[in-house]
Amino acid sequence: MSDYKRSALFCVFKQHGLENPLADHNITSACRITGNSPSAIAVIEIVGPDAKTWLDRNWKPNHGSGKLQLDTIRYGQIIAEAIVGESVIVCRTGPERYEVHCHGGKIASQMLLQSMQNQGIQIQSPQAWVAANEQDPFIAQATMALTQATTLRTAKILLDQQQGAFSRALANIDKAIQKGDFTLAMQLADQIRTWDRLGQHLIEPFDILVCGPPNVGKSSLLNRILGYQRAIVHQQAGTTRDLLSEISSIDGWPVRLTDSAGIRATCDAIESIGVQRAVAASRSSDLQLILVDPIEGWTGQHQQLLDEKPTQSLIVITKSDIADCPMPDLSHAHRLSGPSVQVSAVSGNGIPELLSEISKRLVPVVPESGQAITFTDSQRQALEDRYQRSGKYTSV
Ligand SMILES: Nc1nc2c(ncn2[C@@H]2O[C@H](COP(=O)(O)OP(=O)(O)OP(=O)(O)O)[C@@H](O)[C@H]2O)c(=O)[nH]1
Ligand SMILES: [Mg+2]
């Protein structure tokens, strides 16, 4: 059975209040429960009647016997197959449940899992493992999402969901519906819906486009924000031709920063494709930084970009280190996009203010600890379902 089918089957049984069909008490299974990327330590959980048998055959504690009391740990070595000598710590966390902590590179855990499989233990994917061990599908989703979080800030929000923030909020909405208080149910659902945009970016980064006419300093600014020379910078206008993206984080929010070709009318076929790509990227970005050279000032190209998405634009005046630099008149643009920020990619002046403004534009209000936030389609669907049910009654 595929992992997807196993998870789906599990959810169906749960919805009908039946016992987990995958929890076959005669089967011993194992899974790497830490994330898949290399780390200091990897943890494999092994559960079932043959867990102890595998340990007895393949692991030798450095001191004492292999008989572990509940909630105790013991250091030892693997003595079997190709992984002889691998140092591991074994914890007994349940009557037939153990954790094996090994080195965190991919090979050590892969070989341990292979050895377990060779000796008849069923290896499960993390998705199936979490689903089979967690009653609440939304908590299971948060557990999986946590392994993909790239910043502490987003991990903290996902941890809140993993500790039941969304499930509790949904239960409160259901309670209100049961009591017939549909207005309250809709208010509660509405409150969670306001976090939808942030929820979509707890794992997927926000897209930020750096755009503007040629030579305004787009690539220089990208490099300055990233902290290294990612893009080519040159005084010749039209240096950047293609979109160039890099993943990073700003104020703890995951972002994909994209440098783009300078917008201008051009007869060069390749540059023209670059300009088209920049305009398309402007449409799909979550926020665009429209760069203005203080000497050149505001142009038709700037206006074209601003018109694409006035409320998701931040105007950035560049090259503030140039002495006696004129301040371009941007009052018309400011009315649409809000105040601009002045920076120098050369000296770094204004960069902290720019990053802080970007953070505010992406996440204007930061959720309080414990706030329920949707980050999967099934959560959004569950919320929408409650919303529709309540709406039917409040609209009559
Ligand atoms: N003094 C000063 N010069 C800058 C600054 N930022 C960029 N420049 C200069 O402006 C020129 C163009 O910089 P780029 O970063 O390549 O500009 P761009 O907008 O990416 O240009 P294209 O890729 O051609 O569209 C280079 O000579 C840079 O050294 C700045 O903050 N201060
Ligand atoms: Mg460039």
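Since this is a predicted model, take the numbers as computed values, not measurements.

A count of helical and extended segments in the chain gives 15 helices and 13 strands. Relative to the compact-globule value of 21 Å for 396 residues, the chain shows a C-alpha radius of gyration of 27 Å, a clear excess of over 25%. Buried positions account for 35% of the 396 residues belonging to the chain.

Another point: the site of ligand 1. Taken together, 22 residues surround ligand 1, and among them Gly217, Ser219, Ser220, Thr240 and Gly262 come closest. Residues belonging to the shell around ligand 1 are distributed by class as follows: seven nonpolar, 12 polar and three charged.

Here we come to the sheet that holds strand E1 (residues 29-32). Strand order across the open sheet formed by seven strands is E3-E4-E5-E6-E2-E1-E7, with mixed pairing between neighbours. In the strand order of this sheet, the two ends are held by strand E3 (59-61) and strand E7 (122-123), each with one partner. Across the sheet, helix H3 (residues 106-118) is in contact with E1, strand E2 (41-47), strand E6 (97-103) and E7; its angle to E2 comes to roughly 15°.

What follows concerns the domain arrangement of the chain. Entries for the chain in the domain assignment read domain 1 (3-133), domain 2 (146-195 + 373-394) and domain 3 (206-362). Domain 2 and domain 3 are separated by 36 Å when their C-alpha centres are compared. In terms of residue class, the side of domain 2 that touches domain 3 is made up of one nonpolar, three polar and one charged.

A few words on unusual backbone geometry. Trans is the common state for peptide bonds, and a negative phi is the common state for residues other than glycine. Not every positive phi belongs to a glycine, and aspartate 71 is a case in point at roughly 60°. Its place among the elements puts aspartate 71 in the loop between E3 and strand E4 (72-78). The backbone of asparagine 215 shows a phi angle near 70°, a positive value even though the residue is not glycine. Along the polypeptide, asparagine 215 turns up in the loop between strand E8 (206-211) and helix H10 (218-226). Asparagine 215 gets classed as buried once you count the C-beta atoms within 10 Å, which come to 21.

Turning to the sheet that holds strand E9 (residues 244-250), a few remarks are in order. Whether parallel or antiparallel, the strands of a sheet pair through hydrogen bonds between backbone atoms. Strands sit in the order E9-E10-E8-E11-E12-E13 across an open sheet of six strands; the sheet is mixed. Strand pairing shows two members of the sheet lacking a second neighbour, E9 and strand E13 (341-342), which therefore form its edges. Looking at chain direction, E9 and strand E10 (residues 253-259) are connected through seven bridges and run antiparallel. Counted as the bridge partner of serine 245 is threonine 258 from E10. Relative to E10, H10 is tilted by about 150°, and along the sheet it contacts E8, E9, E10 and strand E11 (287-292). Its contacts with the sheet put helix H14 (residues 351-362) on E8, E9, E10, E11, strand E12 (313-317) and E13, and the angle it makes with E12 is roughly 170°.

With 16 residues, helix H11 (residues 269-284) extends 23 Å between its outermost C-alpha atoms, agreeing within 8% with the 22 Å of an ideal straight helix rising 1.5 Å per residue. Buried within H11 we find Gly274, Val275, Ala278, Ala281 and Ser282. Burial along H11 is one-sided: seen end-on, the buried residues are contained in an arc of 125°. Facing away from the buried surface of H11 by more than 90 degrees, the exposed residues are Ala269, Gln276, Arg283 and Ser284. Tucked inside the fold, the buried residues of H11 contact E8, E10, E11 and helix H12 (300-308).

Moving on, we come to the environment of leucine 314. The residue leucine 314 is located in strand E12 in this model. The buried category is assigned to leucine 314, around which 20 C-beta atoms lie within 10 Å. In this structure, the C-alpha to C-alpha distance between leucine 314 and isoleucine 358, residues 44 residues apart in sequence, is 7.8 Å. Among all residues touching leucine 314, those that are not within four sequence positions of it are Leu287, Leu289, Ser337, Val341, Glu357, Ile358 and Arg361.

On average, residues of the chain score 90 in pLDDT, and 92% of them reach the 70 mark or higher. Ignoring residues within four places in sequence, the model shows residues 1-22, a span with pLDDT below 50, making 22 contacts including any to other chains.

General note: in soluble globular proteins, nonpolar side chains tend to be found buried as a group. Core analysis: the biggest nonpolar cluster contains 33 residues, and Val210, Cys211, Leu289, Ile290, Leu291 and Val316 have the highest contact counts within it. Top element by residues in this core is E8. It accounts for five residues. Excluding anything up to four places from it in sequence, valine 210 contacts Lys218, Leu221, Leu222, Leu257, Thr258, Asp259, Ser260, Leu289 and Leu291. Listed in part, the 25 residues of the second largest apolar core include Trp54, Trp59, Val100 and Leu112.

This next bit is on the packing of helix H5 (residues 137-146) against helix H6 (residues 152-162). Helices that pack against each other are described as a pair by the angle of their axes relative to one another and the distance between those axes. Where H5 contacts H6, the axes come no closer than 8 Å and their chain directions differ by 155°. When the interaxial angle is binned, H5 and H6 end up roughly antiparallel. Where H5 crosses over H6, the handedness of that crossing is left-handed. Together, Ile139, Ala142, Thr143, Ala145 and Leu146 of H5 and Ala155, Leu158, Leu159, Gln161 and Gln162 of H6 make up the contact between the two elements.

What follows concerns the packing of helix H7 (residues 165-178) against helix H8 (residues 182-193). It is at 7 Å that the axes of H7 and H8 come closest, and there the two elements cross at 160°. Our classification of the angle between H7 and H8 gives roughly antiparallel. For the pair H7 and H8, the sense of crossing is left-handed. Where H7 approaches H8, its residues Ala169, Asn172, Ile173, Ala176 and Ile177 are matched on the opposing element by Phe182, Leu184, Ala185, Leu188, Ala189 and Ile192. Split into classes, the residues belonging to the contact of H7 with H8 amount to 10 nonpolar, one polar and no charged.

Parameters at a glance
Residues numbered from 1 in each chain as written. Chains lettered and ligands numbered in written order. Predicted model: local features only at pLDDT ≥ 70, side-chain atom pairs only at ≥ 80, totals over all residues. Helix = DSSP H or I, 4+ residues; strand = E, 2+ residues; numbered from the N terminus. Rg over C-alpha atoms; globule rule 2.2 N^0.38 Å. Buried ≥ 20, exposed ≤ 12 C-beta atoms within 10 Å, placed from the backbone. Near = placed C-beta within 6 Å. Nonpolar A, V, L, I, M, F, W, Y, C, P; charged D, E, K, R; others polar. Pairing = 2+ DSSP bridges. Contact = placed C-beta atoms within 7 Å. Axes fitted to C-alpha atoms, helices over the stretch in contact; angles between N-to-C directions. Domains from an automatic or database assignment. Expected span 1.5 Å × (residues − 1). Arc of directions from axis to C-beta. pLDDT = per-residue confidence, 0-100. Core = buried A, V, L, I, M, F, W, Y, C linked by C-beta atoms within 7 Å. Parallel < 35°, antiparallel > 145°, perpendicular 65-115°, else oblique. Left-handed = near helix turned anticlockwise from the far one by under 90°.

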